[in-house]
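Survey of secondary and tertiary structure
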Amino acid sequence: GIRRDGLVWFDVRKAPFCIYGLCEAKDGTLPFHRIPTSVAEATSNGVRNLNFCTAGGRLRFSTNSPYIALKCETYGTLRLMNHMPLTGTQGFDLYRDDTHGSHYVRSFIPPLDLSLSAFDTVIDLDTAGLHHYTVNFPLYGTCKNLYIGIKEGSILDTGLPYANDLPVIFYGSSITQGGCSSRPGTCYQAILSERHNMDYINLGFSGNGRAEEAIVNYMADLPMKIFVSDYDYNATDADYLETTLRRMYRTVRAKHPTVPFVFVSAPKAALNEEFYDRWERICKIYREALAAGDKAVYFVDGSHLF
């Protein structure tokens, strides 16, 4: 265990901690998750399982403690994948926040003993005084309970509020979930958040972003600042992509008439025949929306992202 003078643990589900990007986060009867379990089960078996991966989850608080410790109880054992580092699958990382953005401090690195269902680790801070912090949850790992440890007598308060009062919703594939980032703070939504102090929800489900009606209807009911559709890679074929994307656009638009809707095509540096067809289908729905007078639609061309 960790040895630090005056170490005191606090449950992050309780004040003054603020949890972002996770669903029903204050409910300790379930592990942390991203959408209601009933919605996940109605969507697919894959989404049901990936729902407990905490991609996009964030914890914000302020403290003047000279160190910050972290204790994670996982839902099952540690998650290791052969194409991602452990810091990306099960690791947490720490950022210091100010009005100019968030700046990486260090990672909370899990141990290599994959039989463990809990681990603790600590980061010694090199800056004195009261600071705002963000802790990013794991991208593919799980977290049943989470505790933050600080030095006894230190200030513990709420963190910096986000610039946007409503979150940006990102829906998609493993690209969205964060595969194969080296740590949670390098997932693309996290990078945007760090640059712009932006709140968001990561609803990327590796291999399972297929815009089923259950999850689309759920997402359309969420409060949101922007909706980003990024599931091109997981749509089974171009016909499926066109059908489901048009339905998703209309469903979200019916509930949110003026919220920006962003269409993203797969990030392929070279578009072969298959992906050019998919690219064309996305463009077709985007153009339909423009022609119908929708001034809040945007297209991000994945072939230019690299």
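The preceding data block contains the structure.
Here we summarise the structure given alongside this text.

Definitions and cut-offs
- Residues numbered from 1 in each chain as written.
- Predicted model: local features only at pLDDT ≥ 70, side-chain atom pairs only at ≥ 80, totals over all residues.
- Heavy atoms only, no water.
- Salt bridge = Lys/Arg side-chain N within 4 Å of Asp/Glu carboxyl O.
- Helix = DSSP H or I, 4+ residues; strand = E, 2+ residues; numbered from the N terminus.
- Buried < 20%, exposed > 50% of the residue type's maximum accessible area, 1.4 Å probe, protein only.
- Contact = heavy atoms within 4.5 Å.
- Pairing = 2+ DSSP bridges.
- Axes fitted to C-alpha atoms, helices over the stretch in contact; angles between N-to-C directions.
- 1 Å grid on protein atoms, 1.4 Å probe; cavity = no way out; pocket = protein on both sides within 12 Å on 5 of 7 lines; lining within 4 Å.
- Points joined across faces, edges and corners; volume = space filled by probe spheres on them.
- Nonpolar A, V, L, I, M, F, W, Y, C, P; charged D, E, K, R; others polar.
- Phe/Tyr/Trp six-rings, centres within 6.5 Å; stacked < 30°, edge-to-face > 60°.
- Expected span 1.5 Å × (residues − 1).

**Some words on the pattern of salt bridges**
Going through the model one piece at a time under the given rule, you end up with 17 salt bridges. With its nearest N and O atoms 2.8 Å apart, the salt bridge here joins Asp232 to Arg278. With Asp232 in the loop between β13 (226–230) and α7 (238–255) and Arg278 in helix α8 (residues 273–291), this residue pair connects regions lying 46 residues apart in the sequence. Across the salt bridge formed by Glu242 and Arg246, the nearest N and O atoms sit 3.0 Å from each other. Within this pair, Glu242 and its partner Arg246 are both found in helix α7, separated by 4 residues, close to a single helical turn. Here Glu242 and Arg246 have matching classes, each one buried.

**Examining helix α6 (residues 213–220)**
For α6, the full list of buried residues reads Ile215, Val216, Tyr218, Met219 and Ala220. Looking at the buried positions of α6, the neighbouring elements they touch are α1 (37–43), β11 (168–172), β12 (200–204), β13 and α7.

**Looking at the sheet that holds β12**
Judged by pairing direction, the sheet is parallel, and its 5 strands sit side by side in the order β12-β11-β13-β14-β15 without closing on themselves. Either end of the sheet is taken by a strand with one partner, and the two such strands are β12 and β15 (297–300). Across the sheet, the mean angle separating the axes of adjacent strands is 15° when strand polarity is ignored. Where β11 and β13 come together, 5 bridges link them in parallel fashion. Counterpart to Val168 in the pairing with β13 is Ile226. Sitting on the sheet, helix α5 (residues 188–196) is in contact with β11, β12 and β13, with an inclination near 170° to β12. Of the strands in this sheet, β14 (261–264) and β15 are in contact with α8, which crosses β15 at around 160°.

**Topic: empty space enclosed by the protein**
Under the definition given, this model contains 2 cavities of 30 Å³ or more. Computed from the structure, the largest cavity encloses a volume of approximately 70 Å³. Lining the largest cavity are Arg58, Arg60, Tyr95, Ser102, Thr134, Asn136, Tyr162, Ala190, Ser193, Glu194 and Tyr200. Put simply, the parts of the chain that give the lining of the largest cavity at least two residues each are β3 (58–63), β8 (131–136) and α5. With 3 residues, α5 is the largest single contributor of residues to the lining of the largest cavity. Its residues placed into classes, the lining of the largest cavity shows 4 nonpolar, 4 polar and 3 charged. Here the second largest cavity defines a volume of roughly 40 Å³. Contributing to the lining of the second largest cavity are Gly56, Gly57, Arg58, Asn136, Phe137, Leu139, Pro184, Cys187, Ala190, Tyr200 and Asn202. Taken together, the residues of the lining of the second largest cavity sort by class into 6 nonpolar, 4 polar and 1 charged.

**Details of the pairing of β3**
The buried fraction of β3 amounts to 6 of the 6 residues, a majority that puts the element mostly inside the structure. Neither face of β3 is left uncovered, since the one carrying Arg58, Arg60 and Ser62 and the one carrying Leu59, Phe61 and Thr63 both have all their residues buried. Bridge analysis of strand β2 (residues 18–20) against β3 gives 3 bridges, and the strand direction is antiparallel. Following the sheet pairing, Tyr20 is matched in β3 by Arg58. Relative to strand β10 (residues 156–158), β3 runs antiparallel, the two sharing 3 bridges. Residue Phe61 lies in a different strand from β10, and its bridge partner there is Thr158.

**Section: the packing of aromatic side chains**
Scanning the entire structure with this criterion turns up 20 aromatic pairs. Judged by centre distance (5.9 Å) and plane angle (40°), the rings of Tyr249 and Phe263 are tilted. Of the two residues, Tyr249 sits in helix α7 while Phe263 sits in strand β14, which places them 14 residues apart along the sequence. With a relative accessible area of 11%, Tyr249 lands in the buried category. Residue Phe263 is classed as buried on the basis of its relative accessible area of 1%. With 6.1 Å between their ring centres and 75° between their planes, Trp279 and Phe299 make a pair best called edge-to-face. Taken together, the residues span a long stretch of sequence, with Trp279 in helix α8 and Phe299 in strand β15 at a distance of 20 residues. By relative accessible area, Trp279 is classed as buried at 15%.

**Re α8**
With 19 residues, α8 extends 26 Å from end C-alpha to end C-alpha; this agrees with the ideal 27 Å at 1.5 Å per step. All buried positions along α8 are accounted for by Phe275, Arg278, Trp279, Arg281, Ile282, Cys283, Ile285, Tyr286 and Ala289. Buried residues along α8 sit against α7, β14 and β15. Two residues or fewer after α8 comes Gly293, characterised by a positive phi angle close to 95°.

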